[in-house]
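Chain by chain, the residues run as shown.
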Amino acid sequence: GAGVSQSPSNKVTEKGKDVELRCDPISGHTALYWYRQSLGQGLEFLIYFQGNSAPDKSGLPSDRFSAERTGGSVSTLTIQRTQQEDSAVYLCASSLERLSGGKLFFGSGTQLSVL
Amino acid sequence: TQLLEQSPQFLSIQEGENLTVYCNSSSVFSSLQWYRQEPGEGPVLLVTVVTGGEVKKLKRLTFQFGDARKDSSLHITAAQPGDTGLYLCAENIGWGKLQFGAGTQVVVTP
């Protein structure tokens with residue numbers, strides 16, 4: 001596609017339910033990143049993929065969070081047993097380069113609301 | 001991990017005025033990126049600065065990187081309503097991973 005695509009754009013769920021967020025990166029981009037943005041805040045790094053492997057998962061806030069990437073393309077971020085503090089915008093980005101200075105292209109995000 | 005401090009947190013100005021926002025750190029930046037984020041969208045890269053003392057211009061936007069590479073500023077001349085957005089600075093801390101500041105919300109009213 002022309003840009004990074006994320007779905008759904010909005011998700012409302014009840015506390016305790018599991019959610020899956022999807023990211024479709026720019027074709028050919030080998031690096032993929034998930035970030036979280038709470039209201040009025042900057043972006044918080046969650047996880048980085050190079051191809052299908054995740055060399056850096058250091059930002060995942062708890063073991064309720066997991067992510068996978070298949071075929072070096074689409075990625076899914078799963079949050080199990082959601083809590084109200086998980087409410088945020090989840091942003092995905094992709095990049096052609098993993099080296100310093102690589103330009104990141106962001107999707108429009110998924111607004112997650114946990115009631 | 002160093003903390004990126006952005007100031008001010010919020011800035012509201014009239015169309016045609018100038019504005020400056022700042023990004024500071026106690027440690028030296030390897031390089032610094034500036035992004036603009038509009039409501040409901042992801043951040044969009046404006047510029048990357050690498051060399052101490054560097055100045056880059058993007059139309060009415062002027063970006064400066066401090067000589068010691070511990071601070072950076074973004075100056076907008078004759079602001080327009082289309083400049084409204086959240087301005088974020090970010091440092092690439094390895095693997096393309098970015099450490100972001102909290103951002104400056106800029107509102108330009110007609």
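Residues numbered from 1 in each chain as written. Chains lettered and ligands numbered in written order. Predicted model: local features only at pLDDT ≥ 70, side-chain atom pairs only at ≥ 80, totals over all residues. Heavy atoms only, no water.

Peer 1: How do you make sense of the state of the cysteines when you look at a structure like this?
Peer 2: Each disulfide consists of a covalent bond between the sulfur atoms of two cysteine residues. Residue and element names in this part refer to chain B. Counting across every chain of the model gives 2 disulfides over all chains. A sulfur-sulfur separation of 2.1 Å characterises the disulfide bridge that pairs Cys23 with Cys89. Handedness here is read from the sign of the S-S torsion; for Cys23 and Cys89, about 75 degrees, the answer is right-handed. Placement of the pair is Cys23 in strand β3 (residues 19–24) and Cys89 in strand β9 (residues 85–92), with a sequence separation of 66 residues. For Cys89, a relative accessible area of 0% translates into the label buried. (Disulfide = S-S within 2.5 Å. Helix = DSSP H or I, 4+ residues; strand = E, 2+ residues; numbered from the N terminus. Buried < 20%, exposed > 50% of the residue type's maximum accessible area, 1.4 Å probe, protein only.)

Peer 1: What should I look at first to understand the pattern of salt bridges in this one?
Peer 2: Pairs may arise between side chains of opposite charge once their charged atoms sit close together. Residue and element names in this part refer to chain B. Scanning the model with the defined rule gives 8 salt bridges over all chains in all. Among the salt bridges present, the one from Glu38 reaches Arg36, with a minimum N-O distance of 4.0 Å. For Glu38, a relative accessible area of 40% gives the class partly exposed. Residue Lys56 is joined to Glu54 by a salt bridge in which the shortest nitrogen-to-oxygen separation is 3.6 Å. (Salt bridge = Lys/Arg side-chain N within 4 Å of Asp/Glu carboxyl O.)

Peer 1: Help me understand the packing of aromatic side chains, please; the structure alone is not making it clear to me.
Peer 2: Counted by the stated rule, this structure contains 8 aromatic pairs over all chains. Their ring planes at 55 degrees and their centres at 5.8 Å tell us that Tyr35(A) and Phe106(A) sit as a pair that is tilted. Of the two residues, Tyr35(A) sits in strand β4 (residues 31–37) while Phe106(A) sits in strand β10 (residues 105–106), which places them 71 residues apart along the sequence. For the pair Tyr35(A) and Phe106(A), a shared accessibility class is recorded, and that class is buried. The interplanar angle of 50 degrees and the centroid separation of 5.7 Å between the aromatic rings of Tyr35(B) and Phe100(B) together place this pair among those described as tilted. Of the two residues, Tyr35(B) sits in strand β4 (residues 32–37) while Phe100(B) sits in strand β10 (residues 98–100), which places them 65 residues apart along the sequence. Assigned by exposure class, Tyr35(B) and Phe100(B) land together as buried. Chaining the aromatic ring pairs together yields one cluster made of Tyr35(A), Phe45(A), Phe106(A), Tyr35(B) and Phe100(B). (Phe/Tyr/Trp six-rings, centres within 6.5 Å; stacked < 30°, edge-to-face > 60°.)

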